[in-house]
Amino acid sequence: MFTPHTDADREEMLRVIGVHKLDDLFADVPAAHRFPLLDLPPAFTEMEALMQMEELAGANETAHDLACFLGAGAYYHYTPAVVDAIIRRGEFLTAYTPYQPEVSQGTLQAIFEYQSLIANLTGMDVSNASHYDGATATAEAAVMAYSHFRGKRTRFILSPSLNPQYRDVVKTYMSGYEHELLGCDSEPLGKPNDLTALLNDNTALLVVQYPDFFGRIFDFTALIEKAHEVGALVAVAVNPIALGVLKTPGAMGADIVVGEGQPLGIPLSYGGPYLGIFATKKEYVRKIAGRLVGESIDGKGRRGYVLTLTAREQHIRREKATSNICTNQGLMALAATVYMSFVGKSGLRQVANLCYQKAHYAAAQIGKVPGYEVKTPAPYFHEFIVKCPKSVEDTNLHLLDHGILGGYDLGKDYPALNGHMLIAVTEMVSKDDIDALCEVLAEVNHD
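Residues numbered from 1 in each chain as written. Predicted model: local features only at pLDDT ≥ 70, side-chain atom pairs only at ≥ 80, totals over all residues. Heavy atoms only, no water.

A. Just the sheet that holds strand β5 (residues 203-210), in detail. Taken together, the 7 strands give an open sheet; going across it, the order is β2-β8-β7-β6-β5-β3-β4, and neighbouring strands pair in mixed fashion. Sheet topology places β2 (126-127) and β4 (180-182) at the edges, where each strand pairs with a single neighbour. Where strand β3 (residues 155-158) and β5 come together, 4 bridges link them in parallel fashion. Bridging from a neighbouring strand, L158 pairs with V207 of β5. Sheet contacts for helix α5 (residues 105-122): β2, β7 (256-260) and β8 (276-280); angle to β8, the most-contacted strand, approximately 70°. (Pairing = 2+ DSSP bridges. Helix = DSSP H or I, 4+ residues; strand = E, 2+ residues; numbered from the N terminus. Contact = heavy atoms within 4.5 Å. Axes fitted to C-alpha atoms, helices over the stretch in contact; angles between N-to-C directions.)

Written out as structure tokens, the structure reads:
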């Protein structure tokens, strides 16, 4: 490890704190425990350490090395070079909004731009910045709904086609509240209207996904209207790329929009850090967790950015807070901002259209392979269900041997869908990749 301090530097630092040598810093630690013998291998040089780390890293296979058909909530999309170029700048990479935030005008402007883009993308009035991932954003929607009704409504309905990880995190978040959780055990491939029977005047929140976990596209307008008739709120968990071509949740009447922002220029990165999208109507703005940045002018008429709303309870009266999530995924929000700004409205529509068209081509080709059956009826976005003649685990192992990362085993979360694979197709998958997938799938059935 490179350490920049010279002997003179160390002596000066010791003098300032009033000690004579480094050992004096450990005077309060019992002598027998100060320097225990550790069974460590001989020290490496910097070059040797780098070579070993590169060798270990080289053993990993990533979406860059394989034809990737795995999605289920995290997706392999192209990240334009400009995204990394901006977020790796020192003023962003190491920055954190201070408690006198107006000093950090660049950071505040980036957050303001992110909020504006997310509000526009979802069709909502306001967006915060932000939550840890899509699962925690969904859980925060449940907490916000509970707070909105002051605990007087205790029924929460989660669509069975909501991402299973989202449902698990909501269950964890709500474990400390008086509540009943319904919908999770319903027919997973049912229609949205199947949830109508669960609505009553004790319902605080209904959560649906758009497109749903299986890739299906539904217009939730009618369901949302029925939820509103009993006074309930509705949260829609979205895939932000799909909103490049689909009707916005805001146009359907949604009260809250949540989602995973990873597709917006954020790499897969072994599962994080990711970005939790959260947007809502203006009337619920004081119940929203996290920070809101606004645009204003200073005493000289110059444009400036300020924290328009940040609940003091999150910092001081924590027991009165709606939520104690008071940080934000600032760097990830910046990556999403750069991505959305760079690709623009037409570019996002193009990415979404590529995902849609390639997925439908893949489904058509897989449907021709003997033994395989595409179970997802149109319309769907870029994921669909395939029933396999052999176990999904064995099928995926065979695919991996041929350099293909197969789909998600739905039997892990839905016993009724054992032997069913969820295949995702993004713009990063080529026609040749799809044709190769079909060839290997045919081999699996012949084994």
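B. Broad picture of the pairing of strand β6 (residues 233-238). In terms of residue burial, β6 counts as a mostly covered element, since 6 of its 6 residues are buried. As paired strands, β5 and β6 are joined by 6 bridges and run parallel to one another. Across the sheet, L206 pairs through a bridge with V234, a residue of β6. Between the parallel pair β5 and β6, the chain is carried across by helix α8 (residues 221-229), and the sense of this crossover is right-handed. Two elements, β6 and β7, share 4 bridges in a ladder whose sense is parallel. For V238, the partnering residue across the bridge sits in β7 and is G259. (Buried < 20%, exposed > 50% of the residue type's maximum accessible area, 1.4 Å probe, protein only. Right-handed = clockwise from strand over helix to strand, strands pointing away.)

Remember that the coordinates give geometry; whether it matters functionally is a separate question.
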